[in-house]
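Coordinate inspection notes
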Amino acid sequence: MSKHYHLIVIGAGSGGLVAAAGAAGLGAKVALVEKHKMGGDCLNTGCVPSKAIIRTAKLIYDAKTGSRFGLSDLNADINPSTPLRVDLSQIIKSVQSVQGKLEPHDSPDRFRKLGVDLHFGTFRFISPYEITDGTVTLSAKRFVIATGASPFVPPIKGIKEISILTSDNVWSLKEIPKRLVVLGGGPIGAELTQVFARLGSRVTVVEMLDSLLIREDAEVSQAIKERFIKEGIEVLTGHKAVEINPSTLLRVDAERSRSIKKSGESFELMAQEGEKEKRIPFDQILVAVGRAPNVNNLDLEKAGIRFSRKGIAVDDYLRTSAKHIYACGDVVGPYQFTHTADFQARLILRNALFPGRSKIDYRVVPWCTFTDPEVARVGLNEKEAKEKGLHHDIYSYSFKDLDRAVCDREDEGFIKVLTQKSSDQLLGVTIVGPHAGDLLHELALAMHQRIGLKKVASMIHVYPTLAEISKRVGDAYQRTRLTPRYKKWLERYFRWRFG
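The present account deals with the structure reproduced in this document. (Residues numbered from 1 in each chain as written. Predicted model: local features only at pLDDT ≥ 70, side-chain atom pairs only at ≥ 80, totals over all residues. Heavy atoms only, no water.)

Description of the sheet that holds strand 15 (residues 276–282)
- Reading across the sheet, the three strands line up as 11-14-15 and stay open at both edges, with antiparallel pairing between neighbours. In this open sheet, the two strands that pair with only one neighbour each are strand 11 (240–245) and strand 15. Mean inter-strand twist for the sheet, computed between neighbouring axes without regard to direction, equals 25°.
- Summarising the sheet, strand 11 and strand 14 (residues 267–273) pair through five bridges and their orientation is antiparallel. The residue of strand 14 that forms the bridge with isoleucine 244 is leucine 269. (Pairing = 2+ DSSP bridges. Helix = DSSP H or I, 4+ residues; strand = E, 2+ residues; numbered from the N terminus. Axes fitted to C-alpha atoms, helices over the stretch in contact; angles between N-to-C directions.)

And the structure:
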């Protein structure tokens, strides 16, 4: 059985869905193939469930620290020996209800109504223009590969002998771990570290590098580390996970060849900091050290597509080495974000279906780590500007001086803006604070449209709002224009003008 299309999209995550829906909407004959669920990681195991459970964890934290709002802390209303009862099964049901509300956006019914042919199964290339699942063969003039990425599990001694958690399967937990080790202090690890600490786990986060959120400036990473410690989280940066102690901790079901964790069983992670060893007991371990592109089991070689463990190689037009085949999303990089997959897919629609070509432009890519406080960034930070040798100025403002943040009792954090030297043109913005991901977009738009801080400062912002922080940092720039020389000129002007 064989079918021919104008465009075949492989993978029904964010990038694949945008490409398929967009092409069908333009009138192209489109097939979309997927081996698991529609919606990809974002809907099923990533953005949506993680943000839903972060909201629950935030509610618990606010309730436990009610004295900030003039209320009795929940901790004071219960016996100190009795922990606050948190039912993980009910929380997961709530998360699933959120997913259920969003699922119709990515459902098979919706895409069939859009005119997309859906094929579920594991498809492989058998030639540059054909894929098959062994039963059905599909061919097309153009392809889009959007197969995403999966959690990477490092080769730590003993890790294969135990059941581990990842961002994919953590949603199947039945109860909150009493002692949880999180391997990895990047965005996923940091978010889930704080979530489980707030849900009641005793959490230790182990990061091999010297700081959490290593891509951010030092003061950003330090702010998150200090907040974690304040919330009772053990933070071990500069520690390399070496071995999981298997001594009498496991029984192996030889019949099914897999490890089974007994009730009440515990484990031990051995980590090294230089020559020092640290042993960390735990009941569950969550591995969040990065995600590996899904390039296997596609037989990409048969299509003439170059790839490596880092993903599929593409040019500035998002074409693979087979010029009629495009790729986007986590399988390509350089950013593993839902919104960049969407951005790439839109460019592919233009390049794959119409004459001419447009290059991808990553100059303005915003992102956010949804810890509390959030960490949001667009463009360069100070560390990157120095590495590139760019002359720049820095303007900052603290949430402690922002009236709405003080009213909300959430005044931890700051905004830090880099501009070209002696100019108000933006090079990058970092925000650490409440709703940083939302606040970032005004300045991201300014950066995208090359609007300077002077114009940002001149716009009226509602008082009191957190959005005023953009205006305040614009004011900080304006004040630098009042140089000593200009002040002397003004003094002479006022004497002449008013006597």
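A short note on the packing of helix 3 (residues 47–64) against helix 6 (residues 187–199)
- Where helix 3 meets helix 6, the axes come as close as 9 Å, and the angle between the chain directions of the two elements is 45°. As summarised for this structure, helix 3 and helix 6 are arranged oblique, according to the angle between their axes. In terms of crossing hand, the pair formed by helix 3 and helix 6 is left-handed. Across from Ser50, Lys51, Ile53, Ile54, Ala57, Lys58, Ile60, Tyr61 and Lys64 in helix 3, the residues of helix 6 making contact are Glu191, Val195, Arg198 and Leu199. (Parallel < 35°, antiparallel > 145°, perpendicular 65-115°, else oblique. Left-handed = near helix turned anticlockwise from the far one by under 90°. Contact = heavy atoms within 4.5 Å.)

A short note on the sheet that holds strand 10 (residues 234–237)
- Pairing is parallel in the open sheet, where four strands are placed in the order 10-9-8-16. In this open sheet, the two strands that pair with only one neighbour each are strand 10 and strand 16 (284–287). Neighbour-to-neighbour, the strand axes of this sheet turn through a mean angle of 15°, independent of strand direction.
- Alignment of strand 9 (residues 202–207) against strand 10, held across four bridges, turns out to be parallel. Bridge pairing in strand 10 places threonine 204 opposite glutamate 234.
- Relative to strand 9, helix 6 is tilted by about 165°, and along the sheet it contacts strand 8 (179–183), strand 9 and strand 16.

Brief notes about the pairing of strand 21 (residues 366–369)
- Side-chain alternation along strand 21 places Pro366 and Cys368 on one buried face and Trp367 and Thr369 on a second face that is also buried.
- Judged from the four bridges that link them, strand 21 and strand 22 (residues 374–379) form a sheet pairing that is antiparallel. Pairing of tryptophan 367 across the sheet is with arginine 377, part of strand 22.
- Between the end of strand 21 and the start of strand 22, which pair antiparallel, lie four residues. (Buried < 20%, exposed > 50% of the residue type's maximum accessible area, 1.4 Å probe, protein only.)

Looking at helix 6
- The end-to-end C-alpha distance of helix 6 is 18 Å, a good match for the 18 Å that 13 residues give at a rise of 1.5 Å each.
- Within helix 6, eleven of the 13 residues are buried, which leaves it mostly tucked inside the rest of the structure.
- If you check which residues of helix 6 are buried, you get Gly189, Ala190, Glu191, Leu192, Thr193, Gln194, Val195, Phe196, Ala197, Arg198 and Leu199.
- Positive phi shows up at glycine 200, right after helix 6, with a value of about 125°. (Expected span 1.5 Å × (residues − 1).)

Thoughts on unusual backbone geometry
- For the peptide bond that leads from glycine 333 to proline 334, omega is 0°, which places it in the cis range.
- Within the element layout of this structure, proline 334 appears in the loop between strand 20 (325–327) and helix 8 (338–353).
- In the segment running from tyrosine 463 into proline 464, the intervening peptide bond is cis, with an omega of -10°.
- By secondary structure assignment, the location of proline 464 is in the loop between helix 12 (453–458) and helix 13 (468–480).
- The backbone of leucine 213 shows a phi angle near 45°, a positive value even though the residue is not glycine.
- Along the polypeptide, leucine 213 turns up in the loop between strand 9 and helix 7 (218–230).
- Residue leucine 213 is classed as buried on the basis of its relative accessible area of 5%.
- For leucine 318, which is not glycine, the phi dihedral falls at a positive 70°.
- On the secondary structure map, leucine 318 appears in the loop between strand 19 (311–312) and strand 20.

Keep in mind these numbers describe shape, not what the thing actually does.
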